[in-house]
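Understanding the architecture of this molecule
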Amino acid sequence: MAPYTAPVDDIGFLLERIFNFDGVMQDLRGFEEVNAELAVTVMEEAGKFATGVLEPINRAGDEEGSTLENGVVRTPKGMADAYKTFVEAGWGGLSGDPEFGGQGLPRVLQLLLDEMMASANLSFGLFPGLTRGAAEAIAHHADDTLKQTYLSKMTSGEWTGAMALTEASAGTDLGLLSTRAEPVGDGSYKLKGTKIFISSGDHDFGGNIIHLVLARLPDAPKGVKGISLFLAPKFLVNADGSLGDRNTMSVGSLEHKMGIHAQPTCVMNYDGATAWLVGEAGRGLNAMFTMMNAERLMVGIQGLGIAEAAVQKASDYARQRLQGRSADGARSPVSIIEHPDVRKMLLTGRSFIEAARALAVWTALQMDIADRHSDEKTRHEAGNLVALLTPVVKASFTDFGFETAVLAQQVFGGHGYIREWGMEQFVRDARITQIYEGTNGVQALDLVSRKLPLENGGVVRGLFETMRQDMQSAAKTDAAKTIAESSLAALKQLEAITETLLSRQSDAAFTGAAATDYQRMFALVCFGWMWAKMAKEAAGKTNAFERRKTVLADFFAHRMLPQTEALAKAIENGAVSIMALDAELF
C-alpha cells in the first residue's frame, strides 16, 4: 500500500485561508514572528518524520509488542532508536516553554504533530504526549525546585513522563483510590500502592521516567478531597542533575491489550518509592486535571490521526481493486471506488476528518489565545471555550475515528480482516481512544453536567452565536448555501435541546440518558459549522482541492447532518425507557 502522506496542503488551507493564522499570532505575546509559512514548513518536516521514521516500525512493533523480562521492559525493535531521533530533531520541545529549552511554538502545531504521529504510529505518540502533559502539570503546580530539577529534560524529551491514576478498584471514581503517601520528615514522601493501566510506565529508552502519582496522606479525608499529587522519578536525581539510585518502584506486569501492543502499559508497584508533593495537599485532582485536559485533547487528535491514515489506505485500495460492474452495467470489472456504497464509506470518513481537523485547529488557537492574549477578558473567554470543547473533541473525534477505521477496513473486504494489510490494526488501536483518559460516556456527562452550565450557560450560548454568524455569512455564497442552511437548521435544534438540558440539571436521569446523544449532536453541528466556513472559502475555485471541499461539504449536509434530527428526537424521549428495566432482567 502507499505510504502515509501528511495532510500538509489541508493544514496550509486552514491556517492561511480559514483562520487567519498570521493575524491571530500578531495579537499573542511571543508569537509575533510566527506565521503560516513557518508553520507549514514545520509541518512538512513533521510529515517526513512520521512517514520516514514512525510508519515503517508500526506494524512490526504491533506484532512484536513490548515485553517484560526479569523486571525490565523492552520495547519493540526500532522504537528506542525512533525516540532518540525524535528527541535529537527537537520535536519533543516543539511547544515547550523556552525557559526550559522548548521552542515555544503555538499549540496548534503541537496538536497537528500529534495527529501525524497517531496516523503513523499511535503507540509511539503516547511517549511524547504523556511527557508533555506531565511537564505541563509540573510547570503549573510544582515548586521551583521540582521545576528546575525536571522540566528542562522533560521538555527536550530526554526524560519521559507517565500519569499514575487508576487502581484496580478505582477507575473513573478516583475517590476510591488507596495508594498512600507517608511523610518522611525531610520534605519527601514514601509511596505505597499499585496502579494499573499506566501507559509509558517503563521502557528502555534510557534517561529518567517521571511518574505523577495520585495518593492519600495519612490524615486525608475520604473522597476526592483527600487526594494529593506526587512526583516519583524512576531514578532519583543527584544534586548536580545526574541520575542516582533507582527508586523503589517496579513493573508488576504488562497489560495484555487489544491494541497499541508496542506501547508498554504497566502495572506499577510503588514499594515505598521516594516522592515529592506537587501543589497543595488535598488538591491533587486539580493539579492532575492540568495534565488530563491536555491528554484528552491529544487523545481526540489520535482518533483523527488514525482515521486519516485508514482512509488514505482505503482510498488507495479502492482505486486499484477491480471488482463488479459499473452502475450502468456497461463495464466489468471496475475499480470498487465506482460503487456507491464504497464511495459512501470513504466520503463519510473524509467528511469527518477534514471538519474535525478544522475544529481542532480552531480549538488550539483558542488555547494559545487563552495563554497569551494581552486582554484579560479575551483570555478568559477563550479558556472557557477550550473547556467547553475539550470533552467534545475527545469523545467525538475518537467515536467518529473508530467508526471511520471500521469503514476503511470494510472497504478492503476480507483483506481488511487479514493482518498483512494493516487495517485491522487501525481498528484495534483506535478502540482504546474511546476508553482511556476518561471514557466517552464520562466525557459526555462532563459536557452536559459541567460544561454547559459554565457562566450560567453563557459560554455555550456565545459559541452558538459565533457559529450562527459564520453560517449566515456562508449562506450568502451559492456554493456554500446547502451546508450553511442545513447547519443553521441543525444549530436551531441543538440550541433548543441545550436549553432543555440547562433547565433540567437537577434531573440526573434525564441528563444522563441524554449525554452521549447530545455530545454526538453537538459535534455534528460543530462539523457543519466548519464545513460552512470551508465551503465559503472554496466557492468559485476550479482546482481539484477546492472542488473536493465543496463536494464534501454537500455530502456532509445531505448524509451526515440529518443524524441530528434523530438524536434530538431520542433526547426528547427522555430516560423512562432506559431506566424501566429491573437490573436482574438484563
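Reference entry: report on the structure contained in this document. (Residues numbered from 1 in each chain as written. Predicted model: local features only at pLDDT ≥ 70, side-chain atom pairs only at ≥ 80, totals over all residues. Heavy atoms only, no water.)

Examining the overall build of the protein chain
- Looking only at helices and strands, the protein chain features 18 helices and 11 strands.
- Here the C-alpha radius of gyration of the protein chain, 24 Å, is about what a compact globule of 586 residues would show, namely 25 Å.
- Expressed as lengths along the three principal axes of its C-alpha atoms, the size of the protein chain is roughly 80 × 60 × 55 Å.
- Relative to its 586 residues, the protein chain shows a buried fraction of 56%.
- Partitioning the intrachain contacts of the protein chain with sequence separation of at least 6 by distance along the chain shows that 74% fall at a separation of at least 24.
- Total accessible area on the protein chain stands at roughly 23700 Å², and carbon and sulfur atoms take up 50% of it.
- Between the mean site of the 56 positive side-chain charges and the mean site of the 72 negative ones, the protein chain shows a separation of 4 Å. (Helix = DSSP H or I, 4+ residues; strand = E, 2+ residues; numbered from the N terminus. Rg over C-alpha atoms; globule rule 2.2 N^0.38 Å. Buried < 20%, exposed > 50% of the residue type's maximum accessible area, 1.4 Å probe, protein only. Contact = heavy atoms within 4.5 Å. Areas by Shrake-Rupley, 256 points an atom, 1.4 Å probe, with all protein chains shown as cover. Lys, Arg positive; Asp, Glu negative; His and termini not counted. Charge placed at Lys NZ, Arg CZ, Asp CG, Glu CD.)

Structural notes on the environment of Gly-252
- Summarising the element assignment, Gly-252 is placed in strand β10 (residues 249-254).
- Of the residues examined, Gly-252 reaches a relative accessible area of 43% and is grouped as partly exposed.
- In the structure, Gly-252 is positioned 92 residues away from Lys-344 in sequence and 47 Å away in space, judged by C-alpha atoms.
- Contacts of Gly-252, omitting those with residues within four sequence positions, involve Leu-68, Val-267 and Asn-269.

Thoughts on the environment of Ser-200
- With respect to the helices, strands and loops of the structure, Ser-200 is situated in the loop between β5 (188-199) and β6 (209-216).
- Under the relative-accessibility criterion, Ser-200 is labelled buried at 0%.
- As for Ser-200 and Pro-221, which are separated by 21 residues in sequence, their C-alpha atoms are 30 Å apart.
- Beyond its immediate chain neighbours, meaning those up to four positions away, Ser-200 contacts Leu-126, Phe-127, Leu-130, Gly-161, Ala-162, Ile-209, Gln-263 and Pro-264.

Examining the pairing of strand β11 (residues 265-278)
- Across the 14 residues that make up β11, a large majority, 12, are buried.
- One ladder, built from 10 bridges, connects β5 with β11; its direction is antiparallel. Bridge pairing in β11 places Leu-191 opposite Ala-273.
- With 5 bridges connecting them, β10 and β11 associate as antiparallel partners. (Pairing = 2+ DSSP bridges.)

A few points about the pairing of β6
- Burial runs high along β6: 8 of the 8 residues are buried.
- Every second residue of β6 is oriented toward a common face, with Ile-209, His-211, Val-213 and Ala-215 on one face and Ile-210, Leu-212, Leu-214 and Arg-216 on the other, all of them buried.
- Where strand β3 (residues 160-164) and β6 come together, 5 bridges link them in parallel fashion. Paired with Gly-161 across the two strands is Ile-210, which belongs to β6.
- Bridge count for β6 against strand β7 (residues 227-233) is 7 bridges, and the pairing is antiparallel. Looking at the pairing, Ala-215 lines up with Ser-228 of β7.

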